[in-house]
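Reading the structure
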Amino acid sequence: MKRSIVTGGAGFIGSALVRGLLRSGHCVETIDNFATGKRENLDEISDQVKVHTADIRRYHEIAPILAGADRVFHLAAIPSVPKSILDPVPSHEANVDGTFNVLRAAAQGGVGRVVYAASSSAYGDTEVLPKVETMLPRPKSPYAVQKLLGEYYASVFASCFGLETVSLRFFNVFGPRQDPTSVYSGVLSIFLTCLLERRKPTIYGDGEQSRDFTFVEDVVNLLLKASEAPNVSGKVYNAGNGNRYTLNETWALLQAIEGVDLPAKYAPERPGDVRDSQADVAGAVRDLGHEPQYSFEQGLRLTLEWYRLDQAKRGASIA
Ligand code: UD1
């Protein structure tokens, strides 16, 4: 049985990956400091997973756990572009120092392969869409720089230290368990909870910015494929769906799905915000066998139903 470790395993994407690994018969351990990850994300599978409370910023906490693993999926991070602008030190420490520690510990500990969660934010604003891995990165925020640096380190650990690594640039992942409770939360988690609570969301800017929203299960499948594909060490791939939707289109679609009329409020554009984002997925299809299964609308409907049930459960537990 393969021993796989997920850093950030109590987070939204991490906990979905843990479930995917268990379904594929892996023996799974997680590393999380529970800064943004939540124990409840692992609740129904807690008896099948070894949960380590450890911090990637502290090498000596994580090195003994990572040693000898077949696969490490490095998803632990402090996400959010605006958070990294308002308070850059914590995100730098987690995203840059933490990633370096994970790679170093993996190399020292003889790990079979590290799959790293990179970010589409590395591209910044490009003249051409969709965005291809060969484009020159133009990060616009500390978060984007931090995630790009992690990729560079992953590639260099492959070439200089013989550690197998693959980086996947995630494109605006959404789905069940994404935490909607902060102003820094992913926009779809906020839109979906606004919809259910019949509140108007705030759109930053004119709402014509676009994103390649990617359903979490498609990302989980790609992570699994990237952990096994041959001849990909040191490489970087887009992990997107290949489409793009503006925020205005998205909010209109959600209102139509739910049959409500709740015009959004508008506020000034956020600093560091990328205008348009869309993945060219040809590389991931060719080398990793990427095969997105969920259309945007399918993913939205599944996620909406998850939030609806979750709200009902929370309501029931308060009553
Ligand atoms: C960026 C990355 C993404 C990464 C994420 C981590 C890009 C293109 N994408 O996402 O790959 O996973 O960081 O945090 O760089 N917005 C609103 N109202 C809200 C919240 C957000 O209008 O209440 C807007 C934002 O200004 C932005 C868009 O929605 O234009 C998406 O924001 P968000 O979900 O935070 O993700 P990105 O910053 O695009």
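Let me begin by describing the structure that accompanies this report. Here the structure is a predicted model, which is why all the values come from computation and not from measurement. (Residues numbered from 1 in each chain as written. Predicted model: local features only at pLDDT ≥ 70, side-chain atom pairs only at ≥ 80, totals over all residues. Heavy atoms only, no water.)

Quick look at the pattern of salt bridges now. Applying the stated criterion to the full structure yields 23 salt bridges. One salt bridge connects E217 with R23, and the closest N-O pair in it is separated by 3.3 Å. Here E217, found in helix α7 (residues 216-226), pairs with R23, found in helix α1 (residues 12-23); they are 194 residues apart in sequence, far enough to count as distant. The partner of E61 in a salt bridge is R58, and the shortest N-O contact between them spans 2.8 Å. (Salt bridge = Lys/Arg side-chain N within 4 Å of Asp/Glu carboxyl O. Helix = DSSP H or I, 4+ residues; strand = E, 2+ residues; numbered from the N terminus.)

For the rest of this paragraph, the subject is the environment of E228. Mapped onto the secondary structure, E228 falls in the loop between α7 and β11 (235-239). Once the C-alpha coordinates of E228 and V28 are considered, the two residues, 200 residues apart in sequence, prove to be 16 Å apart. Leaving out residues up to four positions away in the same chain, E228 has contacts with K2, R71 and R113. (Contact = heavy atoms within 4.5 Å.)

In an α-helix, one full turn covers 3.6 residues, which means residues spaced three or four apart are oriented alike. Taking 1.5 Å of rise per residue, the 20 residues of helix α5 (residues 142-161) would be expected to cover 28 Å, and the 27 Å separating its terminal C-alpha atoms lies within 8% of that figure. Among the residues of α5, Y143, A144, Q146, K147, L148, G150, E151, A154, F157 and A158 are the ones counted as buried. If you follow the buried residues of α5, they end up packed against α3 (81-86), α4 (88-108), β5 (113-119), β6 (165-170) and β11. (Expected span 1.5 Å × (residues − 1). Buried < 20%, exposed > 50% of the residue type's maximum accessible area, 1.4 Å probe, protein only.)

A separate point is the environment of F191. Among the secondary structure elements, F191 is positioned in helix α6 (residues 187-196). Judged by relative accessible area, which is 1%, F191 ranks as buried. Along the sequence, F191 and L247 sit 56 residues apart, while their C-alpha atoms lie 9.6 Å from each other. Ignoring anything within four residues of it in the chain, the contact list for F191 reads P201, T202, I203, L247, T250, W251 and L254.

Here we take up the site of the ligand. The local shell around the ligand holds 22 residues, among which V187, T202, Y204, R211 and D273 are the closest. Between F170 and the ligand, the recorded distance is 3.0 Å, taken from a backbone N or O atom to an oxygen atom. R211 places a polar side-chain atom, nitrogen or oxygen, 2.6 Å from an oxygen atom of the ligand. Out of a free accessible area of 740 Å², the ligand has 92% covered by protein chains. At the level of secondary structure, the elements contributing two or more residues to the shell around the ligand comprise α6 and β8 (202-204). It is β8 that provides the largest number of residues to the shell around the ligand, a total of three residues. Taken together, the residues of the shell around the ligand sort by class into ten nonpolar, nine polar and three charged. (Near = heavy atom within 4 Å. Polar contact = N/O pair within 3.5 Å; in protein donor to acceptor, adjacent residues only side chain to side chain. Areas by Shrake-Rupley, 256 points an atom, 1.4 Å probe, with all protein chains shown as cover. Nonpolar A, V, L, I, M, F, W, Y, C, P; charged D, E, K, R; others polar.)

Turning to the side chain of H26, a few remarks are in order. In this structure, H26 sits in the loop between α1 and β2 (27-32). Engagement of the side chain of H26 in a polar contact is seen with the side chain of S4, the distance being 2.7 Å. Residues within four places of H26 in sequence aside, it is in contact with M1, K2, S4 and L21.

This brings us to a nonpolar patch on the surface. On the surface, V145, L149 and Y153 cluster together to form a nonpolar patch covering roughly 210 Å² of accessible area. In this fold, L149 is placed in helix α5. (Patch = residues over 30% accessible without salt bridge, like charges linked within 9 Å, V, L, I, M, F, W, Y side chains within 5 Å.)

Scanning the model with the defined rule gives twelve aromatic pairs in all. On the basis of an interplanar angle of 45° and a centroid distance of 6.2 Å, the ring pair of Y123 and F171 is categorised as tilted. Here Y123 is found in the loop between β5 and α5, whereas its partner F171 is found in the loop between β6 and β7 (173-174), with 48 residues between them in sequence. Here Y123 falls in the buried class, since its relative accessible area comes to 0%. Here the aromatic rings of F157 and F161 are separated by 4.8 Å at their centres, their planes lie at 45°, and the arrangement is tilted. Here F157 and its partner F161 are both found in helix α5, four residues apart, which amounts to about one turn of the helix. Cluster of aromatic residues (ring-pair linked, three or more members): F174, F213, F215, Y245, Y294 and F296. Across the ring face of F34, the terminal group of R39 is positioned such that the distance to the ring centre comes to 3.9 Å. Sitting above the plane of the Y123 ring, R169 keeps its charged end 4.5 Å from the centroid. (Phe/Tyr/Trp six-rings, centres within 6.5 Å; stacked < 30°, edge-to-face > 60°. Lys NZ or Arg CZ within 6 Å of the ring centre and 35° of its normal.)

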